[in-house]
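The lines below spell out each chain.
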There are 2 protein chains.
Amino acid sequence: MSARATTRPGGRSARVQQSVHQAVRDLEAEAGRDALTVPLIAARAGVTPSTVYRRWGDLRELLSDVAVERLRPDAPPDDRGSLRADLEAWTVQFAEEMSSTAGRMYIRDALLGDPEQGNAARCSDYAAEQLKAIGVRAAGRGEAVPDVETLLDVVVAPLMYRILFRPSDLSEAYAGRLVAAALGRTAPSPGM
Amino acid sequence: MSARATTRPGGRSARVQQSVHQAVRDLEAEAGRDALTVPLIAARAGVTPSTVYRRWGDLRELLSDVAVERLRPDAPPDDRGSLRADLEAWTVQFAEEMSSTAGRMYIRDALLGDPEQGNAARCSDYAAEQLKAIGVRAAGRGEAVPDVETLLDVVVAPLMYRILFRPSDLSEAYAGRLVAAALGRTAPSPGM
DNA sequence: CAGCCAGACGCTACTTTTTCGCGTTAGGCT
DNA sequence: AGCCTAACGCGAAAAAGTAGCGTCTGGCTG
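Residues numbered from 1 in each chain as written. Chains lettered and ligands numbered in written order. Predicted model: local features only at pLDDT ≥ 70, side-chain atom pairs only at ≥ 80, totals over all residues. Heavy atoms only, no water.

With that out of the way, let us pick up the domain arrangement of chain A. The extent of an interface is frequently quoted as the accessible surface area lost upon association of the parts. If you check the domain split of chain A, you get domain 1 (12-57) and domain 2 (71-183). Put simply, the middle of domain 1 of chain A and the middle of domain 2 of chain A, counted by C-alpha atoms, are 30 Å apart. (Domains from an automatic or database assignment.)

Written out as C-alpha cells, the structure is:
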C-alpha cells in the first residue's frame, strides 16, 4: 500500500510526499542511512510524524518508495551500434550501479519495506524496459533479438543473485560472460 | 554481527539463544509473523528484552538468524538415478519451498536483517552444497557434471530473482525449463 | 463563482518499544 | 578451588509509534 502520486502535482498531498522524499534523500546523504528515523525525517520535511506514519505505515515502506525512485533509470540505454555492444555496455553499467554499496542498499530497501512486492516488481520492470529498448533498437537494425524474459533469466537474475546472496562474487568479466552466454559464443564484441 | 553459537552447547549463552529462537518459532506459529515484537519474544523466552537487544541488535537480525536456520536443508537431495532426474527433482522442490508464502518470508527475513550479508551467503551456500552433492553423485555414475557456479547462475538465480522481484511469475514448468537449459536440450528426463 | 465535502494533515495524549547504566551471575580457565 | 570476563537481569529514561479529534486544503457540484 505504498503511497504514490495519488493526487495532482500541486496539491497538498503531492507537496508533502515530495518534501518527505527530499528529506529522506538529504538526511541519508548527511547523516547516513542508519541514522534515519521517522520523527527525524518528518521534522526535516516540515510535517508531523503522524503524517508519515499514516501515509507510509512505517520507515521501511517509505525508504522502499524512495529507493525505487532512485533505481529508476534516468535515460535510455546507450546506443553502441550493435546488440552485443549495447547489451554489454548496459550490463556492465547495471552491475556496477547495483553492486555498489549505495546500490545494494537501495535494492535491499526496495525489497524490504514492501509487503505486496509492488516495488520489487517495479525494479524488475525498469530492467525489462531497458532491455526491451535495446531489443527494439537491434530489431530496427535487422538483428535477431533475444527475448526479454530470457535476458532477465540469463543476465539480470545472476547479477542480482550474486549481489544479494554472494556480495563478494562480482566482476566486470563476469558481467561480460553473462552477456556472451545470452547471445551465444559467436564472436565477442570488438571494443571489449 | 548476527549472534551465533559462540559458546559451547550447555552454556548459558547457548540456552538463551535456543530459548529465544524457539520463542520466535512458537510465536510465529501462534500469532503470526507481524505480531512479533522483541518484548513479546523475550517474555516468551524467559529473558529480558535487553538481552535480546544486546545480542541481536534488533528484531530484524534475530528473525534473519531464525529464518536462515529454517532454510537449511534437512536432508541430502533425493537420488533419482540420474543427474537430470536429480536436478529436476531438487529444482522443483526448491522452487516450491522457496516460492511458498512461508518460504518467501524466510528469504526476505534472511536477506533483510543482515548488514554484513553473512546470512544471505549462507543461504546460497546451502543451495550450493545440495547441488554439489548431486554433482558428486552424478560423477560417481560417470556422468558429465556441470559446474556448481553455472547451476547457481542458470537455475537458482532465475528462481530467486522471480521469487523476489516478480512474485507472480513462477511455475513448475518454468523450473523444468531452467534445468533443461542447464543440461542442454538433449532428451528431457523420462517421467516428466 | 460560491459553497460543500471527502480526504489529508496537525496536534496532543497515551502506549509500546528501545536504550543505557549498574550490579549480579554463570562458566571457562589457570 | 578461585579468578576473570562475558553475558544477563533489572529499572529508569528516552525515543518511537498509535489513536482520537479538530482543522484545513482543494476538488467538485450546483
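The environment of DNA strand C is formed by 21 residues, the closest being Ser50(A), Thr51(A), Arg55(A), Arg15(B) and Tyr53(B). Thr48(A) places a main-chain nitrogen or oxygen 3.3 Å from a phosphate oxygen of DNA strand C. Contact distances for DNA strand C include 3.3 Å between a phosphate oxygen and a side-chain N or O atom of Thr37(B). If one sorts the elements of the surface near DNA strand C by residue count, helix α3 (residues 49-56) of chain A sits on top with four residues. The residue makeup of the surface near DNA strand C, split by class, is five nonpolar, ten polar and six charged. (Near = heavy atom within 4 Å. Polar contact = N/O pair within 3.5 Å; in protein donor to acceptor, adjacent residues only side chain to side chain. Helix = DSSP H or I, 4+ residues; strand = E, 2+ residues; numbered from the N terminus. Nonpolar A, V, L, I, M, F, W, Y, C, P; charged D, E, K, R; others polar.)

Moving on, we get to the packing of helix α7 (residues 118-140) of chain A against helix α8 (residues 148-165) of chain A. Residues and elements named next belong to chain A. Relative to each other, α7 and α8 sit at 115°, their axes nearing to 10 Å. On the basis of their axis angle, the class for α7 and α8 is roughly perpendicular. Remark: the crossing between α7 and α8 carries right-handed chirality. Between α7, through Ser124, Ala127, Ala128, Leu131 and Lys132, and α8, the contact on the second element is made entirely by Val148, Leu151, Leu152 and Val156. (Axes fitted to C-alpha atoms, helices over the stretch in contact; angles between N-to-C directions. Parallel < 35°, antiparallel > 145°, perpendicular 65-115°, else oblique. Left-handed = near helix turned anticlockwise from the far one by under 90°. Contact = heavy atoms within 4.5 Å.)

In this section: the side chain of Thr91(A). Within the secondary structure, Thr91(A) is located in helix α5 (residues 83-99). Residue contacts for Thr91(A): discarding those within four places in its chain leaves Val155(A), Leu159(A), Ala175(A) and Val179(A).

Moving on, we get to the protein's contact with DNA strand D. Near DNA strand D, the surroundings consist of 19 residues, among which Arg15(A), Tyr53(A), Ser50(B), Thr51(B) and Arg55(B) are the closest. Here a phosphate oxygen of DNA strand D sits 2.4 Å away from a polar atom, N or O, in the side chain of Tyr53(A). One of the backbone N or O atoms of Thr48(B) is found 3.3 Å from a phosphate oxygen in DNA strand D. Secondary-structure elements contributing two or more residues to the surface near DNA strand D are α1 (12-31), α2 (38-45) and α3 of chain A together with α1 (12-31) and α3 (49-56) of chain B.

Moving on to the interface of chain A and chain B. Between chain A and chain B, the contact holds 29 residues from the first and 29 residues from the second. Approximately 2,600 Å² of surface area, both sides summed, lies buried where chain A meets chain B, with 53% of it carried by carbon and sulfur atoms. On inspection of chain A and its partner chain B, the count reaches six salt bridges. A salt bridge links Arg166(A) to Glu149(B); the shortest N-O distance between them is 3.1 Å. For the side of chain A that touches chain B, the secondary structure elements donating two or more residues are α6 (101-112), α7, α8 and α9 (172-183) of chain A. (Buried area = accessible area lost by both parts, 1.4 Å probe. Salt bridge = Lys/Arg side-chain N within 4 Å of Asp/Glu carboxyl O.)

A full pass over the atoms with the stated rule returns four aromatic pairs over all chains. Centroid distance Trp90(B) to Phe94(B): 4.7 Å. Interplanar angle 20°. Geometry classified as stacked. Taken as a pair, Trp90(B) and Phe94(B) lie in helix α5 (residues 83-99) at a separation of four residues, close to a single helical turn. The exposure class assigned to Trp90(B) is buried, which follows from its relative accessible area of 7%. Since its relative accessible area comes to 9%, Phe94(B) is described here as buried. A cation over an aromatic ring shows up here: Arg55(A) above the ring of Trp56(A), its NZ or CZ 5.2 Å from the ring centre. (Phe/Tyr/Trp six-rings, centres within 6.5 Å; stacked < 30°, edge-to-face > 60°. Buried < 20%, exposed > 50% of the residue type's maximum accessible area, 1.4 Å probe, protein only. Lys NZ or Arg CZ within 6 Å of the ring centre and 35° of its normal.)

A few words now on a negative patch on the surface. Residues and elements named next belong to chain A. On the surface, Asp74, Glu96, Glu97 and Glu172 cluster together to form a negatively charged patch. Counting through the fold element by element, Glu172 comes out in helix α9. Glu172 gets classed as partly exposed once you look at its relative accessible area, which sits at 46%. (Patch = residues over 30% accessible without salt bridge, like charges linked within 9 Å, V, L, I, M, F, W, Y side chains within 5 Å. Areas by Shrake-Rupley, 256 points an atom, 1.4 Å probe, with all protein chains shown as cover. Lys, Arg positive; Asp, Glu negative; His and termini not counted. Charge placed at Lys NZ, Arg CZ, Asp CG, Glu CD.)

Attention shifts here to the pattern of salt bridges. Summed over the entire model, instances satisfying the criterion amount to 26 salt bridges over all chains. We note a salt bridge from Arg44(A) to Glu30(A), for which the minimum N-O separation is 2.5 Å. Of this pair, Arg44(A) sits in helix α2 while Glu30(A) sits in helix α1; the two residues are 14 residues apart in sequence, bridging distant segments of the chain. Take Glu30(A): its relative accessible area is 53%, and that puts it in the exposed class. Taking the shortest distance from any N to any O, the salt bridge between Arg162(A) and Asp153(B) comes out at 2.4 Å. Of this pair, Arg162(A) sits in helix α8 while Asp153(B) sits in helix α8 (residues 148-165), on two different chains. Each member of the pair, Arg162(A) as well as Asp153(B), carries the same accessibility label: buried. Linked through salt bridges whose partners overlap, the residues forming this network are Asp79(A), Asp86(A), Arg137(A), Arg141(A) and Glu143(A).

The subject of this paragraph is the nonpolar core. Ile107(A), Phe165(A), Ile107(B) and Phe165(B) are the most contacted members of the largest nonpolar core, which has 78 residues in total. Discounting chain neighbours no more than four positions away, the residues touching Ile107(B) are Phe165(A), Leu71(B), Met98(B), Met160(B), Ile163(B) and Leu164(B). (Core = buried A, V, L, I, M, F, W, Y, C linked by side-chain atoms within 4.5 Å.)

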